[in-house]
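So you can see what is in the structure, the chains are spelled out below.
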Amino acid sequence: LYLPLLPLLLAVWLGLGGRALFESGLKLHERQRLKRIFAGYVSPAVMHDILSGKLGSGLGGEERHVCVMFADVRGFTAFSESTPPAQVVALLNRYHELVAEAIHAEGGTLNSIMGDGIMAIFGAPQTYANPVKPAFASARRMLAVLPAFNAELKAQGMPQISIGIGLNYGPAIVGHFGSEARHDYSAIGDTTNVASRLEGLTKALGCPLVCSASVAAALAPDVTLLPLGEQPIKGHTALPVYGWHEPE
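Residues numbered from 1 in each chain as written. Predicted model: local features only at pLDDT ≥ 70, side-chain atom pairs only at ≥ 80, totals over all residues. Heavy atoms only, no water.

**Some points on the overall build of the protein chain**
Rules: Each helix corresponds to a stretch of at least 4 residues labelled H or I by DSSP, and each strand to a stretch of at least 2 residues labelled E; elements are numbered beginning at the N terminus. Here the term buried applies to any residue with accessible area under 20% of the maximum for its type, exposed to any over 50%, and partly exposed to those in between, with areas from a 1.4 Å probe on protein chains only. Any two residues whose heavy atoms approach within 4.5 Å are treated as being in contact. Under the convention used here, a 1.4 Å probe and the Shrake-Rupley method define accessible areas, while residue burial counts only the protein chains that appear.
When you go through the protein chain residue by residue, the secondary structure sums to eight helices and eight strands. Expressed as a percentage of its 248 residues, the buried residues of the protein chain come to 40%. Sequence-distant contacts in the protein chain: of pairs separated by 6 or more residues, those separated by 24 or more amount to 65%. As displayed, the protein chain has an accessible area near 14000 Å², and 60% of this comes from carbon and sulfur atoms.

In structure tokens:
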């Protein structure tokens, strides 16, 4: 009495399974398509959390302890004024490739490119017990690739460059900021502002990497930074800062 129902039940089961498999394939294809389209606009950590549903697209944020990095090419304004635009763009594109590799290799989020300057976050959206360590490692990577990059520039008859990097660690609001029509994943607050000011001190203090006391404390005792004394910070109270040079 029940045998004639088996083919029908099997057909229904296969149909449902086939539909589920088809829909899974569509979702996978859509994820791959989104990765291809937006890979150049957001860092891998942000893309991963968006696709996995961990990071929503709504405006707003949450407080986290992060390490914020600012980096800038020294003397770039003068260089760009005396160099053909095509060469300026080629140099910047190559430079940003190297910077992005150094940041992403340590799990950082490159959230802003402003001409020759960049801003990166370590500790959001990817969390770390101590986000200062990957931030410092990333800064060292950036400085380590400069000699080879400058050799490329010299071979092309272009002037060599140097960079300044500022690191600060502390609480910040991280999330999507802007408008519904256009927003970025970023970090805002005093921690971010001070990181930007620290980068601005690199030239005057003669150090390619300038850090706050909170960064120095988070790296101790594994890394010893050079105390540079209390320094005036534009728009902020003076702060003790620390420097670092690549050992020769």
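**A few points about empty space enclosed by the protein**
Using the following cut-off: Using a grid of 1 Å spacing that covers the protein atoms alone, one calls a set of points a cavity when a 1.4 Å probe fits there but cannot get out, and a pocket when the set is open and has protein on both sides within 12 Å along at least five of seven lines; lining residues are those with an atom within 4 Å of a point. Grid points are joined across faces, edges and corners, and a volume is the space filled by probe spheres set on the points.
One pass over the full model with this rule turns up one cavity of 30 Å³ or more. Roughly 40 Å³ of internal volume is contained in the largest cavity. As for the largest cavity, its lining consists of Tyr95, Leu98, Val99, Met142, Val145, Leu146, Phe149 and Ile163. With three residues, the single largest contributor to the lining of the largest cavity is helix α4 (residues 85-105).

**As for the packing of aromatic side chains**
For clarity, the threshold we go by: A pair of Phe, Tyr and Trp rings is counted when the ring centres sit within 6.5 Å of each other, with Trp represented by its six-membered ring. The angle between the planes then sorts it: under 30 degrees is stacked, over 60 is edge-to-face, the rest tilted.
If you walk through the whole model with that rule in mind, you get one aromatic pair. Measuring from centroid to centroid gives 5.4 Å for Phe136 and Trp244, while their planes differ by 80 degrees, and the two rings are edge-to-face. Residue Phe136 is located in helix α5 (residues 132-144), and its partner Trp244 is located in strand β8 (residues 236-244); the two are separated by 108 residues in the primary sequence. Summarising the burial analysis for this pair, Phe136 and Trp244 share the class buried.

**Quick notes on the state of the cysteines**
Defined as follows: Note on terminology: disulfide denotes any pair of cysteine sulfur atoms within 2.5 Å.
Using the criterion set out here, one finds zero disulfides in the structure. The closest cysteine sulfur to the non-disulfide-bonded Cys67 is located on Cys211, 7.6 Å from its own sulfur. Take Cys67: its relative accessible area is 0%, and that puts it in the buried class. With no disulfide of its own, Cys207 has Cys211 as its nearest cysteine by sulfur position, at a separation of 9.1 Å.

**Things to note about the pattern of salt bridges**
Keep this limit in mind: A pairing counts as a salt bridge when a side-chain nitrogen of Lys or Arg comes within 4 Å of a carboxyl oxygen of Asp or Glu.
Applying the stated criterion to the full structure yields five salt bridges. Salt-bridge contacts for Glu62 lead to Arg64; the nearest nitrogen and oxygen are separated by 3.1 Å. Residue classification places Glu62 among the partly exposed residues on the basis of a relative accessible area of 43%. Ionic pairing is found between Arg94 and Glu97, a salt bridge with its closest N-O pair at 3.3 Å. Linking Arg94 with Glu97, this pair stays in helix α4, spanning three residues, or about one helical turn. With a relative accessible area of 29%, Arg94 lands in the partly exposed category. Its relative accessible area of 43% is what places Glu97 among the partly exposed residues. When salt bridges with common partners are traced through the structure, they connect Arg94, Glu97 and Glu152 into a single cluster.

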